[in-house]
Amino acid sequence: MKANSPLIRYASRIRGIGVGCFLVASASAAVLAQSPVPATPVVTPDLTIVQVIQDAQQNYPAIHVSEQELNAAVANIWLARTSYLPRLDGIVAVNRATRNNVFGTLLPQSILPSMSGPVIGTNNGGSVWGSATGLLVNWQPFDFGLRHAKVESAAAARDRANAYVQRSQLEVSSAAADAFLTVLAAHQTENAAQVAVDNWETLRKSIHALTTAELRPGADESRIEAEKAAANTQLALATEAVEMGQATLAKFLSKPDDIARPLNSAHLLGEIPAGAEDDAVFHPENTPAMLEQHAVVSQSASELRATDRSWVPQFNLEAAGYGRGTGAETNGQRLGGANGLAPTVGNYAVGLNVTFGFLDFAGIHAREASQAATLKAEQSRETLVGRQLQEQFAQARAGLRAMRSVAKNTPIQVAAARTALAQATARYKAGLTSIDDVAQAQRLLVQAEMDDSIARLNVWRAFLQLQAVRGDLQPFLQAAQ
């Protein structure tokens, strides 16, 4: 076949196109390999009110403090129970001392060392070794209920600490949830203030066009400028409220950076919690505050019983075994070397000691009177706490019902304010009214929108307060999920 035949030229052209495509494809692959692959954006999930409450319950320092106090109270119960156990004391003593002894009696004291043995009749400054070792078992078989009363007092202190843990968890959870709702309400107010500023700017531009066309006096535009400046002031205050609320909310978060996460508000702004719990029976005796005060009363009663059983005889069974060694002889001789360093003479003793402080009744009677007064005070305080809880529950229930009524009324207020603004604007454009009517209608609409934006959150806050008084936030958590 000829080299310049059409078929050969066609084949050569096809090969050239194939090589070119291969080179282009290779170059494109190299470029793609060198070009950075765009990273997938990380979507930060919204921060929910349930997450804030759970985080505060697990990590807030105040709860850790109350939990450790509960652990200490539990340990005190075991400490009180150890008084039922026998006491075992041991001693090992070695000394180098003189062996001079005299007849006579000394009053009980803790200054002069005791001596034993006969009077030698001489006064010698020489010293000898002495040693002693022994064990003493002491057990109190009965105490007329004194130890039991102390154990009951420790158990009541444990119950009080446990109730305090529950109250701390309730208070911290309520404060964390309230801080979340406060930030959310501040955000809604800020958004409404920003919309107000934008609306005033739109109205200003419209009136500026009419003023430029000499269809409206310049005073109208100045009036709108003043209203816009006031709206900017409200926006600045709303922004401040957001930042202050975030500072409060951040202290309940184990990771303060989480405050930058957007708040999940769809459920809280979209629904109103049901009102079936309004008429539920309130039992103040089941609240942490009442349980804590009841434990205080029980602890005071146990301490009174312990004080009452203090003026009784004390019975102690004792058993001792001991040995002594000395380098002194009864004839006055002194043994040399290491004599006396090891006990060489042993003894034992078993017996019962009964002691009674006859004149302690005055002090015990005074302590008993003081403790009885303390008990009566705590019982009166328990009654007071119950009445305060009833008052708080009635107020919280009234507040929740009022907030529900407000939340149902604010949409009507917003719709009416929007209609009034539209009518005032139309009348102003037709020259039938002054700019004052438009400005007044605009302010009413801004206020209505602000009220409507936080009305539902106020319902949740009142619902939170009601459940906090009940002492159980579980219904609130279930509704807020």
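Look up: the structure comes first, before these words.
Residues numbered from 1 in each chain as written. Predicted model: local features only at pLDDT ≥ 70, side-chain atom pairs only at ≥ 80, totals over all residues. Heavy atoms only, no water.

Colleague: It is not clear to me how the overall build of the chain should be interpreted in this structure. Could you clarify?
Modeller: Along its length, the chain carries 10 helices and four strands. Taken from N to C terminus, the helices and strands of the chain fall in the order α-α-α-β-β-α-α-α-α-β-β-α-α-α. Residue burial in the chain is summarised as follows: out of 481 residues, 32% are buried. Counted over contacts in the chain with a minimum sequence separation of 6, partners at least 24 positions apart contribute 85%. Within the structure as shown, the chain displays about 28,600 Å² of accessible surface, and the carbon and sulfur contribution to it stands at 59%. (Helix = DSSP H or I, 4+ residues; strand = E, 2+ residues; numbered from the N terminus. Buried < 20%, exposed > 50% of the residue type's maximum accessible area, 1.4 Å probe, protein only. Contact = heavy atoms within 4.5 Å. Areas by Shrake-Rupley, 256 points an atom, 1.4 Å probe, with all protein chains shown as cover.)

Colleague: What exactly am I supposed to notice about the packing of helix α4 (residues 146-212) against helix α5 (residues 218-250) here?
Modeller: The packing of two helices is summarised by the inter-axis angle and the distance between the axes. Contact geometry of α4 with α5 gives a least axis separation of 8 Å together with a crossing angle of 165°. Regarding the angle of α4 to α5, the classification is roughly antiparallel. Crossing angle aside, the handedness with which α4 passes α5 is left-handed. Considering only residue class, the contact of α4 with α5 consists of 17 nonpolar, 12 polar and eight charged. (Axes fitted to C-alpha atoms, helices over the stretch in contact; angles between N-to-C directions. Parallel < 35°, antiparallel > 145°, perpendicular 65-115°, else oblique. Left-handed = near helix turned anticlockwise from the far one by under 90°. Nonpolar A, V, L, I, M, F, W, Y, C, P; charged D, E, K, R; others polar.)

Colleague: Just checking my understanding: could you explain the pattern of salt bridges for this structure?
Modeller: When the charged atoms of two side chains lie near each other, side chains of opposite charge can form a pair. Applying the stated criterion across every chain yields a total of 16 salt bridges. Arg 204 is paired through a salt bridge with Glu 225; the nearest N and O atoms lie 3.7 Å apart. Pair noted here: Arg 204 is in helix α4 and Glu 225 is in helix α5, with a separation of 21 residues, a long-range link. Of the charged contacts, one joins Arg 381 and Glu 378 as a salt bridge, the two residues approaching to 3.0 Å between their closest N and O atoms. Of the two residues, Arg 381 and Glu 378 are both situated in helix α8 (residues 361-429); the distance of three residues between them amounts to about one turn of the helix. Through salt bridges with shared partners, one network takes in Glu 201, Arg 204, Glu 225 and Lys 228. (Salt bridge = Lys/Arg side-chain N within 4 Å of Asp/Glu carboxyl O.)

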